[in-house]
Amino acid sequence: MIIQGIPSPGSGLRLHLNENTGGCSPRVLEAVRALTADQLAAYPDYRAAVFACARHLGVDPEWVLLTNGLDEGVFLLAVSRLGRDKTPDAEAIVPVPAFEPYFAAIAAVGATAVRVPPLANFGFPAEDVVRSVTSRTALVYLNTPNNPTGQVIARESVRAVVEAAPHALVLVDEAYIEFAGRSFIDELPQHHNAIVGRTFSKAYGLAGMRIGCLVAHPDTLAPIRAVTPVLNLNVVAVTAVQAALEDSSFLPRYAAQVRQSRERLYAACQRLGLEHWESAANFVLVRVGDRVADVISALDARGVHVRDRSRDPHTPGCVRITAGVVAHTDAAVSALEAIFV
Ligand SMILES: Cc1ncc(COP(=O)(O)O)c(C=O)c1O
């Protein structure tokens, strides 16, 4: 039976979707609990949330388009840029390995994905991406830090791609930027063909509420706004994001846990002789080897759910493990040790 969505594992540690494993700020919970029946019955007014996000990101409100998760932003970009372009042979460039919904969005509008493989150790292939730009290129999906590798794209490389494709839109997907790295937002005024994508699912723990945003020059956002459902967000998400941004102590505390968790995962991989890649995000890619399905089942049996990345030709034998609350990471490490020692 095919049912919508991603099924939950039921019990155990959710280290498979890069969520915030510590939950969201208590301020969010308070604000959501305070919603009244009348507020829940009314279509939401987005303005205060747009202003709060704009303030947080250091841009004017008209540079912000709130989306139902960054997933929706990824999709709307494809619809507006590839679908409405009416270019029968429009191409979208995607450096791989990549966040899979990019490919679903490109396919949904009948465009062609041009995959650019990574350099050694998942280095960003800036020159190859630039060389892949053609007159048919309408969209480029960049992701820094990258899911699933955790690697950062150097700012000069982002800039090189943006400048090599002035006729295309370049999404700089910064879903994990809060954990390390510097946002490209401050370069947007010089680069009107670039769009930064952000989400409140990861660092802020709002994945269940679905809220993210696209940030770009208002003229760049205009065609994307035109294909965005007018009421794409619910009142709970709109309320939650404002409360999340008011709690300035939440993010530094969680980011510190993420850093510690990454270190513990690296140390465990070293002890166990597992290849892994140091990550700038809240997850670590680990090569567990040919018996990846058995390892995942054994971890599941111990209540630790990780993401299978082994079907991607660029990450054979690999799993991706969320690095969040340190106690959860310790449990994952114990489970790995029980399996591999
Ligand atoms: C690279 C990347 N972009 C975008 C998203 C979408 O985030 P959301 O739709 O939860 O805001 C994710 C989620 O896993 C991601 O990994």
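Residues numbered from 1 in each chain as written. Predicted model: local features only at pLDDT ≥ 70, side-chain atom pairs only at ≥ 80, totals over all residues. Heavy atoms only, no water.

**As for the packing of aromatic side chains**
Phase 1 of the analysis: For the coordinates displayed, the defined rule picks out six aromatic pairs.
Phase 2 of the analysis: Judged by centre distance (5.0 Å) and plane angle (65 degrees), the ring pair of F122 and W277 falls under edge-to-face. With F122 in the loop between strand 4 (112-116) and helix 6 (126-132) and W277 in strand 9 (residues 275-277), this residue pair connects regions lying 155 residues apart in the sequence. Side by side, F122 and W277 carry an identical accessibility label, which is buried.
Phase 3 of the analysis: Aromatic rings pair up to connect F99, Y102 and Y141 into one cluster.
Phase 4 of the analysis: Just above the ring of F103 sits the side chain of R115; from NZ or CZ to the centre is 4.1 Å.
Phase 5 of the analysis: Sitting over the face of the ring of F283, R320 holds its NZ or CZ atom 5.8 Å from the ring centroid. (Phe/Tyr/Trp six-rings, centres within 6.5 Å; stacked < 30°, edge-to-face > 60°. Helix = DSSP H or I, 4+ residues; strand = E, 2+ residues; numbered from the N terminus. Buried < 20%, exposed > 50% of the residue type's maximum accessible area, 1.4 Å probe, protein only. Lys NZ or Arg CZ within 6 Å of the ring centre and 35° of its normal.)

**Focus on the pattern of salt bridges**
Phase 1 of the analysis: Evaluation of the coordinates by the stated rule reveals 21 salt bridges.
Phase 2 of the analysis: In this structure, the salt-bridge partner of D71 is R210, at a minimum N-O distance of 3.3 Å. With D71 in helix 4 (residues 69-83) and R210 in the loop between strand 7 (194-199) and strand 8 (212-215), the pair connects residues that are 139 residues apart, well separated along the chain.
Phase 3 of the analysis: A relative accessible area of 36% means that D71 is categorised as partly exposed.
Phase 4 of the analysis: Note on R210: relative accessible area 27%, which makes it partly exposed.
Phase 5 of the analysis: It is possible to trace a salt-bridge network through shared partners that takes in R155, R159, R182, D186 and E187. (Salt bridge = Lys/Arg side-chain N within 4 Å of Asp/Glu carboxyl O.)

**Things to note about the site of the ligand**
Phase 1 of the analysis: In the region of the ligand, 13 residues are neighbours, and L70, D173, Y176, T199 and S201 sit closest.
Phase 2 of the analysis: Contacts to the ligand include N147, whose side-chain N or O atom sits 2.8 Å from an oxygen atom.
Phase 3 of the analysis: The side chain of T199 places a nitrogen or oxygen atom 2.5 Å from an oxygen atom of the ligand.
Phase 4 of the analysis: Considering the ligand on its own, with 400 Å² of exposed area, one finds that the protein chains cover 93% of that surface.
Phase 5 of the analysis: Of the pockets mapped on this structure, the ligand occupies the largest pocket.
Phase 6 of the analysis: Ranked by residues supplied to the shell around the ligand, first place goes to helix 4 with three residues.
Phase 7 of the analysis: When its residues are assigned to classes, the shell around the ligand shows four nonpolar, five polar and four charged. (Near = heavy atom within 4 Å. Polar contact = N/O pair within 3.5 Å; in protein donor to acceptor, adjacent residues only side chain to side chain. Areas by Shrake-Rupley, 256 points an atom, 1.4 Å probe, with all protein chains shown as cover. 1 Å grid on protein atoms, 1.4 Å probe; cavity = no way out; pocket = protein on both sides within 12 Å on 5 of 7 lines; lining within 4 Å. Sits in = over half its atoms within 2 Å of the grid points. Nonpolar A, V, L, I, M, F, W, Y, C, P; charged D, E, K, R; others polar.)

**Observations concerning the sheet that holds strand 2 (residues 64-67)**
Phase 1 of the analysis: The strand order across the open sheet built from seven strands is 2-8-7-6-5-3-4, with neighbouring strands paired in mixed fashion. What marks the edges here is a single partner per strand, and that holds for strand 2 and strand 4. Each strand axis lies, on average, 20 degrees off the axis of its neighbour in the sheet, ignoring direction.
Phase 2 of the analysis: Relative to strand 8, strand 7 runs antiparallel, the two sharing four bridges. Its bridge partner being in strand 8, R198 is matched across the sheet by C213.
Phase 3 of the analysis: Along the sheet, helix 4 contacts strand 2, strand 3 (91-95), strand 5 (137-143), strand 6 (169-173), strand 7 and strand 8; its crossing angle with strand 5, the most-contacted strand, is approximately 165 degrees.
Phase 4 of the analysis: Packing of helix 5 (residues 101-108) onto the sheet brings it into contact with strand 3, strand 4, strand 5 and strand 6, and relative to strand 5 it is tilted by some 165 degrees. (Pairing = 2+ DSSP bridges. Axes fitted to C-alpha atoms, helices over the stretch in contact; angles between N-to-C directions. Contact = heavy atoms within 4.5 Å.)

**Observations concerning the layout of surface pockets**
Phase 1 of the analysis: Quantified by volume, the largest pocket comes out at close to 710 Å³.
Phase 2 of the analysis: Taken together, 28 residues form the lining of the largest pocket, with I6, L17, D71, F99 and K202 sitting closest to its centre.
Phase 3 of the analysis: Taken together, the elements giving at least two residues each to the lining of the largest pocket come down to helix 4 and helix 5.
Phase 4 of the analysis: It is helix 4 that contributes the most residues to the lining of the largest pocket, four residues altogether.
Phase 5 of the analysis: Residues belonging to the lining of the largest pocket are distributed by class as follows: 10 nonpolar, eight polar and 10 charged.
Phase 6 of the analysis: In this model, the second largest pocket occupies a volume close to 150 Å³.
Phase 7 of the analysis: Sort the elements by how many residues they give to the lining of the second largest pocket and strand 2 lands first, with three residues. (Points joined across faces, edges and corners; volume = space filled by probe spheres on them.)

Everything listed here is a matter of geometry and, on its own, says nothing about what the molecule does.
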